[in-house]
Amino acid sequence: MSERKLVDAKNTFCPGPLMELIGQMKMAEIGDELEILSTDQGSANDIPEWINKVGHEMVDTFENEGVWHIVVKKTK
Amino acid sequence: MASNRISVMVTSGNREQLQMAAMVASVGAVMGNDVTVFLSMNALKFFIKGSSEKASAEGEMGILLAEKNAPDFMELFGQAVEYGDAKIHPCSMAVDILEVKQDDLEDFVSEPLGLTSFLSDAAEGQVWHF
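Cut-off values and rules
Residues numbered from 1 in each chain as written. Chains lettered and ligands numbered in written order. Predicted model: local features only at pLDDT ≥ 70, side-chain atom pairs only at ≥ 80, totals over all residues. Contact = placed C-beta atoms within 7 Å. Helix = DSSP H or I, 4+ residues; strand = E, 2+ residues; numbered from the N terminus. Core = buried A, V, L, I, M, F, W, Y, C linked by C-beta atoms within 7 Å. Buried ≥ 20, exposed ≤ 12 C-beta atoms within 10 Å, placed from the backbone. Expected span 1.5 Å × (residues − 1). pLDDT = per-residue confidence, 0-100. Pairing = 2+ DSSP bridges. Axes fitted to C-alpha atoms, helices over the stretch in contact; angles between N-to-C directions.

Observations concerning the interface of chain B and chain A
Part 1: Opposite the 14 residues of chain B that make contact, chain A presents 14 residues.
Part 2: Those elements giving two or more residues to the side of chain B that touches chain A turn out to be α1 (15-30) and α3 (73-84) of chain B.
Part 3: Looking at which element gives the most residues to the side of chain B that touches chain A, the answer is α1 of chain B, with four residues.

Okay, here's the thing in structure tokens:
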């Protein structure tokens, strides 16, 4: 059973949240889902761009009270 | 995914310039590009191990970067190498002038590179200067 790991990257700026996500992705297993939290809107736009470019799977993205949540599934 | 070559020459000792260089290097590398960073002039001294010298702000933005918890440029350069296989080289002239060896520099810094090699590699791809 794959798990969803929360990556809290609130209160830092681009490209901090992306780098934190990549660091956690390296340690994750294929099929795992990671949910990154960011208060930086630039990162909320950039992270899906990176996911598409590298070829992982975008699962979900939404904003709640100033915090962006991006859920990604590691595919390789 | 096609990888492109990105060559980044860093000569400034200002925080803003070093930050932007580190952002281009790290994001460029994790997007799958083949990134080479060339450190020279006032930029190199910050990469000496144990250096306590802080890059000075050129303007308001540099002050805000420090106050608002933006990622540290040195950490971003390290992540460019760790997560994106970027190559970070000191300029061979600059190491001679500063009288430092590769071992004196941060572990993520590779061997010194001459300008001839850097320019030869940079001929195919994007070149950025900070």
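Thoughts on the nonpolar core
Residues and elements named next belong to chain B.
Part 1: Residues V8, V10, A25, V37 and L39 are the most contacted members of the largest nonpolar core, which totals 50 residues.
Part 2: With nine residues, α1 is the largest single contributor of residues to this core.
Part 3: Contacts of V37, omitting those with residues within four sequence positions, involve V8, V10, A25, A86, I88 and H89.

Re α1 of chain B
Residue and element names in this part refer to chain B.
Part 1: The end-to-end C-alpha distance of α1, which contains 16 residues, comes to 22 Å, matching closely the 22 Å that a straight helix rising 1.5 Å per residue would cover.
Part 2: Of all the 16 residues making up α1, 15 are buried; the element is thus mostly covered by neighbouring parts of the structure.
Part 3: One or two residues past the end of α1 sits G32, with phi positive at roughly 95°.

Comments concerning the confidence of the model for chain B
Part 1: Scored by pLDDT, chain B has a mean of 95; 98% of the residues are at 70 or more.
Part 2: The ipTM for the predicted assembly is 0.88, set against a pTM of 0.93.

Quick notes on the sheet that holds strand β1 (residues 4-8) of chain A
All names here are of chain A.
Part 1: Spatially, β1-β2-β4-β3 is the arrangement adopted by the four strands of the open sheet, whose pairing is mixed. A single partner strand is all that each edge strand has here, and the edge strands are β1 and β3 (57-64). The average angle at which neighbouring strand axes cross in this sheet is 15°, direction not considered.
Part 2: As defined by bridge partners, strand β2 (residues 33-38) adjoins strand β4 (residues 67-73) across six bridges and the pair is classed as antiparallel. Along β4, the bridge assignment pairs S38 with W68.
Part 3: Each of β1 and β2 is contacted by helix α1 (residues 16-27), which is oriented at about 160° to β2, the strand it contacts most.
Part 4: Lying on the sheet, helix α2 (residues 41-54) is in contact with β2, β3 and β4; it crosses β4 at an angle near 10°.

As for α1 of chain A
Part 1: Spanning twelve residues, α1 of chain A covers 17 Å between terminal C-alpha atoms, matching the ideal 16 Å at 1.5 Å per step.
Part 2: What α1 of chain A keeps buried is the set G16, P17, L18, M19, E20, L21, I22 and M25 of chain A.

Overview of the environment of M19 of chain A
Part 1: Among the secondary structure elements, M19 of chain A is positioned in helix α1.
Part 2: Sequence separation between M19 of chain A and I51 of chain A is 32 residues; the distance between their C-alpha atoms is 12 Å.
Part 3: Filtering out sequence-adjacent residues up to four positions away, M19 of chain A remains in contact with S26, P71, L76, Q79 and Y83 of chain B.

Some details on the environment of A123 of chain B
Part 1: Here A123 of chain B is to be found in the loop between α5 (115-122) and β4 (126-129).
Part 2: Residue classification places A123 of chain B among the exposed residues on the basis of 10 C-beta atoms within 10 Å.

Notes on unusual backbone geometry
Residue and element names in this part refer to chain A.
Part 1: Residues C14 and P15 are joined by a peptide bond in cis, for which omega reads -5°.
Part 2: Among the secondary structure elements, P15 is positioned in the loop between β1 and α1.
Part 3: Its identity as a non-glycine residue notwithstanding, N11 has a phi of 65°, on the positive side.
Part 4: Mapped onto the fold, N11 is located in the loop between β1 and α1.
Part 5: Within the chain, E65 stands out as a residue other than glycine whose phi angle is a positive 50°.
Part 6: Here E65 shows up in the loop between β3 and β4.
Part 7: Overall, the presence of 4 C-beta atoms within 10 Å leaves E65 in the exposed class.

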